[in-house]
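Structural overview
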Amino acid sequence: MTAQATPQAHAPSSTDPFAERATQPALKHVGTGLRLATETLARELARPGNAMPQWDRLQWQLAAAATAAHGIGPLLSRLSVWPDRDWSAFLAEQREHVAHRYRRIAALLERIDALAQAAGVAIVPLKGAALHAQGLYLPGDRPMADIDLLVRAEDAAQVGALLEELGYVAEFAQWKHQTFRPAQAHSVASLGEHRDTPINIELHLRIQERLPLATVDISERIFPRESRPGLNPYPSNGALMSHLLLHAAGGICSRSLRLMHLHDISLLATRMSGKDWRVLCDAADGAAWWALPPLQLVLRYYRTAIPKAVLAQLRAQCP
């Protein structure tokens, strides 16, 4: 799917890979089509091998839009075997862009690691970078919109100077993080992923989410107690799972949760020990009631991903 393809009826075009579909009555509501596409793709991502849907051109365009919005094109390219040339080409193109971009991100993380070691500061790469470091994803599987880094408050100025050394400039700060962008960055217009999209860096001093009744802060369980200069992993898979679930809970509130986030959680669950689940459920910084709604969404598609005992404990904690 090219950037010119939009979810509206138009004359067949050489730039539209779905232009030759047999026409069907136009969808009355784009929202209905997006919902259909999202649920169909979610089931195929969680349990590949479903029959390919018989959609018209507009519905395939909406499926491409949903795929891009949820960041799942590269994974579908590897996992799904729907025998459609145009759809397969779109997914393969997305995977190629993500793989190229991942190589750029990995090289940038190596430079940050070297500079942080020289400066004597500890940094924790968050979420997608941590999942890749564990080998849960292959290069090209998972899009990363930016690099998230956690640092101690007393090291923030030094790390900011380090990023400036890499050609980054501070752009804006909000309650969750400060954003740094490449000084020479230029935006790229495309549907989905593009290899040349600038790699922004978000610098976090705390790990927190504003949920409906309170702000939940789990920073103490995320930063390693015994850190070293350079890049550090999460102290445990339980800490990483806590962060993924709290981020997903915030995404539910802002209606920005993506299928990619649910897939992250289902994959990490396969690596979780009993001790890791206890880090999530029995942490000293408060009950993890906020973890239940995201896990219930995970179970909508990944039906056996979460141990029943964990769900029962979290259900008892959730108001």
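Our subject is the structure listed above.
What comes next concerns the included structure. (Residues numbered from 1 in each chain as written. Predicted model: local features only at pLDDT ≥ 70, side-chain atom pairs only at ≥ 80, totals over all residues. Heavy atoms only, no water.)

**Side note on the pattern of salt bridges**
Counted by the stated rule, this structure contains nine salt bridges. The partner of Arg300 in a salt bridge is Glu39, and the shortest N-O contact between them spans 3.3 Å. Note that Arg300 is positioned in helix H11 (residues 292-301) and Glu39 in helix H1 (residues 30-46), a separation of 261 residues in sequence. Across the pair Asp86 and Arg85 runs a salt bridge whose closest N-O atoms are separated by 4.0 Å. In this structure Asp86 comes out as partly exposed when scored by relative accessible area, which is 22%. Members of the salt-bridge network, linked through shared partners, are Arg78, Arg95 and Asp141. (Salt bridge = Lys/Arg side-chain N within 4 Å of Asp/Glu carboxyl O. Helix = DSSP H or I, 4+ residues; strand = E, 2+ residues; numbered from the N terminus. Buried < 20%, exposed > 50% of the residue type's maximum accessible area, 1.4 Å probe, protein only.)

**Thoughts on the state of the cysteines**
A disulfide bridge is the covalent bond that connects two cysteines by way of their sulfur atoms. Scanning the model with the defined rule gives zero disulfides in all. Distance from the sulfur of Cys253, which forms no disulfide, to the nearest cysteine sulfur (Cys318) is 11 Å. Cys253 sits in the partly exposed class, given a relative accessible area of 41%. (Disulfide = S-S within 2.5 Å.)

**Describing H1**
In a regular helix each residue adds 1.5 Å, so 17 residues correspond to 24 Å; H1 covers 24 Å between its end C-alpha atoms and thus fits that length. Every buried residue belonging to H1 is among Gly33, Ala37, Thr38, Thr40, Leu41, Ala42, Glu44, Leu45 and Ala46, and all of these are buried. Of the surrounding elements, those touching the buried residues of H1 are helix H2 (57-70), helix H3 (73-79), helix H4 (85-119), helix H9 (259-269) and H11. (Expected span 1.5 Å × (residues − 1). Contact = heavy atoms within 4.5 Å.)

Function cannot be read off these values alone, since they describe shape.
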